[in-house]
Amino acid sequence: MARHGENIRKRKDGRWEGRYPVYSEEKGRKLYHSVYGRTYEEAKEKLTTKKIQTKGMARKRFDTAVHQTEKGMIKFSFGAESWLCNIKKSRKPSTYAKYRLIYQKHLKAVFGDLEATRITDSTVKELLPEQLSESTKKSIYCVLNQILKFVSSQYGVLMPALKRPVSSAAKQPAKVFTRREQARLFSAIYHKMDRSKLAVLLCFYTGIRLGELCALKWEDIDFENRLLSVGRTVQRLSVEGHSKKTALLETTAKSRYSKREIPVSQEVLELLLQFQNEKEYIFGGDRPAEPRTMQNHFKRIQKEARTEDRNFHALRHTFATNCIERGADPKSLSELLGHSDIQITLNRYVHPSMEMKRKHLGSLSLFYGQIYGQIYGQTD
């Protein structure tokens, strides 16, 4: 029987076990250790000794941190872990998980033992691996600057912001499906349509993100007013304390702009009604759909349609391009996509096709003809 408030219990093997918490810097959380005794008194004595030793170690770490602070010698690892603890409650779980992963994977081993004040543009350029993608580098600089800014404000250590070097590599344009590929995809979708094919079709008609699609519930569909409400997303995130373990997490939409209503065509609504059931989630059943599974289904559909293999996000780019080519104004499109700024829509999601460019340039013939006719008529 356990002794309440003491964390001491008698085990089935007759021994007494006492448990005490120890903070693990590696895993960033408390872990429980045990001591054992043949009697309750022996276990309690051992437990008391361990608790005193643990408090002494914690006090020593605290004194070391204070000493470092007074001398302006803050270790980067100390500043980074303090920053992570500080932002844990104020940031979305997905954002926090991303920041923690960037620190654990790219920063801790490289910069952990350095003094924060010694981390400069030249230091980062020298120590960061060159083979990292531009996207990863951008995330690293973002996290680095936030940590250094926190250390600067928290401990009064002045440090300038780091400047990420401008990449000389040309940015690859996002890929969209051509009209011929879209025709093949639609043919494959309508041939023996299933729930995963319906999901792809819904993306063609709404441009919603993969995570938003996987989190859709039947209650999000207003069949009477023909509206789809977007307010949640799902992501597979790393679990704190584990380098490889992940979990599927459902959160609120990406930003306040991502919460939106999208009109749905009557054709799509009728298809949704054919697949409606008593489950909570449209594409996942009793729980959100798995994004990786949805990606795999999409690959199968592309293979069936004999199109070039593209990621799921290409559907969103294709939707945006189709809307612009059909005359949608950029402001409306920006709201449909859930963007905070119309420039994001124009710069990232609008990719005029060659057919559209031909149409625009072809209209110049009529325009120039009219100009020529006016001038020719005046001459006569």
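Note: the structure precedes this text.
Here is what the cut-offs are and how they apply
Residues numbered from 1 in each chain as written. Predicted model: local features only at pLDDT ≥ 70, side-chain atom pairs only at ≥ 80, totals over all residues. Heavy atoms only, no water. Helix = DSSP H or I, 4+ residues; strand = E, 2+ residues; numbered from the N terminus. Expected span 1.5 Å × (residues − 1). Buried < 20%, exposed > 50% of the residue type's maximum accessible area, 1.4 Å probe, protein only. Arc of directions from axis to C-beta. Pairing = 2+ DSSP bridges. Contact = heavy atoms within 4.5 Å. Axes fitted to C-alpha atoms, helices over the stretch in contact; angles between N-to-C directions. Parallel < 35°, antiparallel > 145°, perpendicular 65-115°, else oblique. Nonpolar A, V, L, I, M, F, W, Y, C, P; charged D, E, K, R; others polar. Salt bridge = Lys/Arg side-chain N within 4 Å of Asp/Glu carboxyl O. Core = buried A, V, L, I, M, F, W, Y, C linked by side-chain atoms within 4.5 Å. Disulfide = S-S within 2.5 Å.

### Considerations on helix α6 (residues 179-190)
Each α-helix winds once per 3.6 residues, and so residues spaced three or four apart point in a common direction.
Here is step 1 of the chain: The terminal C-alpha atoms of α6, which comprises 12 residues, lie 17 Å apart, in line with the 16 Å expected from a rise of 1.5 Å per residue.
Here is step 2 of the chain: Those residues of α6 that sit buried are E181, Q182, L185, A188 and I189. The buried residues of α6 occupy an angular sector of 125° when the element is viewed end-on, so they sit on one face.
Here is step 3 of the chain: Downstream of α6 by a residue or two, K192 has a phi angle that is positive, lying close to 55°.

### Structural notes on the pairing of strand β6 (residues 232-238)
Here is step 1 of the chain: Of all 7 residues in β6, 5 are buried, a share of seventy percent or more.
Here is step 2 of the chain: Strand direction decides the pairing type here: β6 and strand β7 (residues 246-252), joined by 7 bridges, are antiparallel. Opposite V234, over in β7, you have E250 as the bridge partner.

### Observations concerning the sheet that holds strand β8 (residues 260-263)
Here is step 1 of the chain: In spatial order, the strands read β4-β5-β8; together these 3 strands make up an open sheet with antiparallel pairing. At either end of the open sheet lies a strand with only one pairing partner, and these are β4 (221-222) and β8.
Here is step 2 of the chain: Bridging between strand β5 (residues 227-230) and β8 involves 4 bridges; their strand directions are antiparallel. Within the sheet, the bridge partner assigned to V230 lies in β8 and is R260.

### Some thoughts on the side chain of T307
Here is step 1 of the chain: Within the element layout of this structure, T307 appears in the loop between α10 (291-305) and α11 (313-325).
Here is step 2 of the chain: Residue T307 is classed as buried on the basis of its relative accessible area of 13%.
Here is step 3 of the chain: With sequence-adjacent residues up to four places away left out, T307 is seen in contact with F177, E181, R184, L185 and Q302.

### Digging into the packing of helix α2 (residues 76-87) against helix α3 (residues 93-111)
Here is step 1 of the chain: For the pair α2 and α3, the least separation of the axes is 11 Å and the interaxial angle reads 175°. When the axes of α2 and α3 are compared, the pair comes out roughly antiparallel. Side by side, α2 and α3 meet where F76, S77, A80, E81, W83, L84 and I87 of the first sit next to Y96, Y99, R100, Y103, L107, K108 and F111 of the second.
Here is step 2 of the chain: Looking at the contact of α2 with α3 residue by residue, the classes come out as 10 nonpolar, 1 polar and 3 charged.

### Points about the pattern of salt bridges
Side chains that differ in charge, positive against negative, can pair when their charged atoms come close.
Here is step 1 of the chain: Applying the stated rule across the entire model yields 25 salt bridges.
Here is step 2 of the chain: For D13, the salt bridge is made with R15, and the minimal N-O distance between the two is 3.1 Å.
Here is step 3 of the chain: According to the relative accessible area criterion, D13 is partly exposed, its value standing at 47%.
Here is step 4 of the chain: Between R38 and E42 there is a salt bridge whose closest N-O contact spans 3.9 Å.
Here is step 5 of the chain: Judged by relative accessible area, which is 72%, R38 ranks as exposed.
Here is step 6 of the chain: Among the ionic contacts, a cluster of salt bridges with common partners joins R9, R11, D13, R15 and E17.

### Remarks on the nonpolar core
Generally speaking, nonpolar side chains in soluble globular proteins are found buried as a group.
Here is step 1 of the chain: The biggest cluster of nonpolar side chains holds 40 residues, and the ones touching the most others in it are L213, F283, M294 and F312.
Here is step 2 of the chain: Of all the elements in the fold, those that place two or more residues in this core are α6, α7 (195-206), α8 (210-214), β5, α9 (266-275), α10 and α11.
Here is step 3 of the chain: Looking at this core, the element that brings in the most residues is α7, giving 7 residues.
Here is step 4 of the chain: Membership of the second largest hydrophobic core comes to 28 residues, among which are L107, A116, V143 and L162.

### Examining the state of the cysteines
Here is step 1 of the chain: Under the counting rule described, the total for this entry stands at 0 disulfides.
Here is step 2 of the chain: Free cysteine: C203, not disulfide-bonded; nearest cysteine sulfur from C214 at 8.6 Å.

### As for the environment of I301
Here is step 1 of the chain: Positionally, I301 belongs in helix α10.
Here is step 2 of the chain: According to the relative accessible area criterion, I301 is buried, its value standing at 0%.
Here is step 3 of the chain: Taking the C-alpha atoms as reference points, I301 and K197, 104 residues apart in sequence, are found 7.4 Å from one another.
Here is step 4 of the chain: Not counting chain neighbours up to four residues away, the residues in contact with I301 comprise L185, A188, I189, S196, K197 and V200.

### What about the pairing of β5?
Here is step 1 of the chain: Only one face of β5 is buried: it carries L228 and V230, and the other face, with L227 and S229, is open.
Here is step 2 of the chain: With 2 bridges joining them, β4 and β5 adopt antiparallel strand pairing. Of the residues in β5, the one forming a bridge with D222 is L227.
Here is step 3 of the chain: Between β4 and β5, which pair antiparallel one after the other, the connecting turn spans 4 residues, and R226 there sits at a positive phi close to 55°.

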